[in-house]
Amino acid sequence: MRNNGGGPLDQARRVADAFLARGAIFYSRGRDERMSRYAAHPDAVDALIAAVPVIVLVNGGTASAAEIVAGALQDRRRATLVGTRTFGKGVVQTVIALGEHAGMSLTTARVYTPSNRSIQALGIEPDIEVVQAVPEAYAGKATVAGEAGLARHLRGEQGEATFTSSIYVPAAHADDEQLQYAVKLILGQVHHAAYPADIENDQARPLQVQLR
């Protein structure tokens, strides 16, 4: 999910659903304050991959729908997140056409993970932080400010985190420290309490609000 700027909400649901057999994937709250719940549904593949541990690589370029997938798999304890804090765009935006060559982006809803965390202006902290070294030639250039660092951003409901995160991903796999750490986890060459994720400790909890 590194440097994945996101896409349609429905695609986020589909990707997360591929790894989840049931339960909440995310919630959204619109301008009318009503909540919508997006859930996973069982299929034939779920039983085949239920015991397969999953690692998701994230960084400052992981945003929007990609954060929804990462947050869902983290909250549901289906995957271990490795990398650095994500961008922090936890809203739904609708583009309204204004003539042939113009448009307006309107924020229409906020998005929450299964444990009711708001992504907006906070991002998602990985279970295991691995900071990628950046070559001197890219120093100060391969970074991105999170949503909270942008002017006129929609303020977060559960706090904000101002940070600058590297979005540099080496072309050579051997130089990719985050990828190499994930491989070592899988091969058992390094160990961490967060891997494999413990699905029995699912952090999802129902919202005490009206759902539609």
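Residues numbered from 1 in each chain as written. Predicted model: local features only at pLDDT ≥ 70, side-chain atom pairs only at ≥ 80, totals over all residues. Heavy atoms only, no water.

*Asks:* Residue-level account of the side chain of Thr80, with values.
*Replies:* Structurally, the position occupied by Thr80 is in strand β4 (residues 80–83). Of the polar contacts made by the side chain of Thr80, one reaches the backbone oxygen of Ala194; its length is 2.6 Å. In terms of polar contacts, Thr80 uses its side chain to reach the backbone amide nitrogen of Ala197, at 3.5 Å. The residues contacting Thr80, other than those within four sequence positions of it, are Val54, Ile55, Val56, Asp127, Ile128, Ala194, Tyr195, Pro196 and Ala197. (Helix = DSSP H or I, 4+ residues; strand = E, 2+ residues; numbered from the N terminus. Polar contact = N/O pair within 3.5 Å; in protein donor to acceptor, adjacent residues only side chain to side chain. Contact = heavy atoms within 4.5 Å.)

*Asks:* Summarise helix α4 (residues 177–187); cite the residues concerned and give the values.
*Replies:* For α4, the set of buried residues is Gln178, Ala182 and Leu185. Mapping the buried residues of α4 onto a view down its axis gives an arc of 55°, with all of them on the same face. The inward-facing, buried residues of α4 contact β3 (55–58), β4 and β7 (128–129). Put simply, Asp176 is the residue that caps the front of α4, since its side-chain oxygen is 3.3 Å from the backbone nitrogen of Gln178. Directly beyond the C-terminal end of α4, a positive phi value near 80° is found at Gly188. (Buried < 20%, exposed > 50% of the residue type's maximum accessible area, 1.4 Å probe, protein only. Arc of directions from axis to C-beta.)

*Asks:* Give me the nonpolar core: which residues, what numbers.
*Replies:* With 22 residues, the main nonpolar core has Ile25, Val56, Ile68, Leu73 and Leu81 as its most contacted residues. Taken together, the elements giving at least two residues each to this core come down to α1 (9–17), β1 (24–30), β3, α3 (65–75) and β6 (103–112). Counting residues per element, this core draws most heavily on α3, at six residues. One finds Val130, Ala182, Ala194 and Tyr195 within the second-largest nonpolar core, a separate group that totals eight residues. (Core = buried A, V, L, I, M, F, W, Y, C linked by side-chain atoms within 4.5 Å.)

*Asks:* Tell me about the sheet that holds β6, residues and numbers included.
*Replies:* Spatially, β2-β1-β6-β5 is the arrangement adopted by the four strands of the open sheet, whose pairing is antiparallel. One side of each edge strand has no neighbouring strand; the edge strands of this open sheet are β2 (35–39) and β5 (91–97). In this sheet, neighbouring strand axes are inclined to one another by 30° on average, regardless of whether the strands run parallel or antiparallel. In this structure, β5 lies alongside β6, joined through seven bridges in antiparallel fashion. Counted as the bridge partner of Val92 is Ala109 from β6. Each of β1, β2, β5 and β6 is contacted by α1, which is oriented at about 160° to β1, the strand it contacts most. (Pairing = 2+ DSSP bridges. Axes fitted to C-alpha atoms, helices over the stretch in contact; angles between N-to-C directions.)

*Asks:* I'd love a proper account of the pattern of salt bridges, names of residues and values included.
*Replies:* Within the structure shown, the criterion is met by eleven salt bridges. With a closest N to O distance of 3.3 Å, Arg29 and Glu33 form a salt bridge. Between Glu157 and Arg29 there is a salt bridge, with the nearest N and O atoms lying 2.7 Å from each other. One end of the pair, Glu157, is in the loop between β8 (143–145) and β9 (164–166); the other, Arg29, is in strand β1, and 128 residues separate them in sequence. The partly exposed category is assigned to Glu157, whose relative accessible area is 38%. (Salt bridge = Lys/Arg side-chain N within 4 Å of Asp/Glu carboxyl O.)

*Asks:* Please provide a residue-by-residue account of the packing of α1 against α3, values included.
*Replies:* Where α1 contacts α3, the axes come no closer than 9 Å and their chain directions differ by 30°. One way to sum up the angle between α1 and α3 is to call them roughly parallel. Read as a crossing pair, α1 and α3 show a hand that is right-handed. Contacts between α1 and α3 involve Leu9, Ala12, Val15 and Ala16 on the former and, on the latter, Ala65, Ile68, Val69, Ala72 and Leu73. Here the residues of the contact of α1 with α3 sort into nine nonpolar, no polar and no charged. (Parallel < 35°, antiparallel > 145°, perpendicular 65-115°, else oblique. Left-handed = near helix turned anticlockwise from the far one by under 90°. Nonpolar A, V, L, I, M, F, W, Y, C, P; charged D, E, K, R; others polar.)

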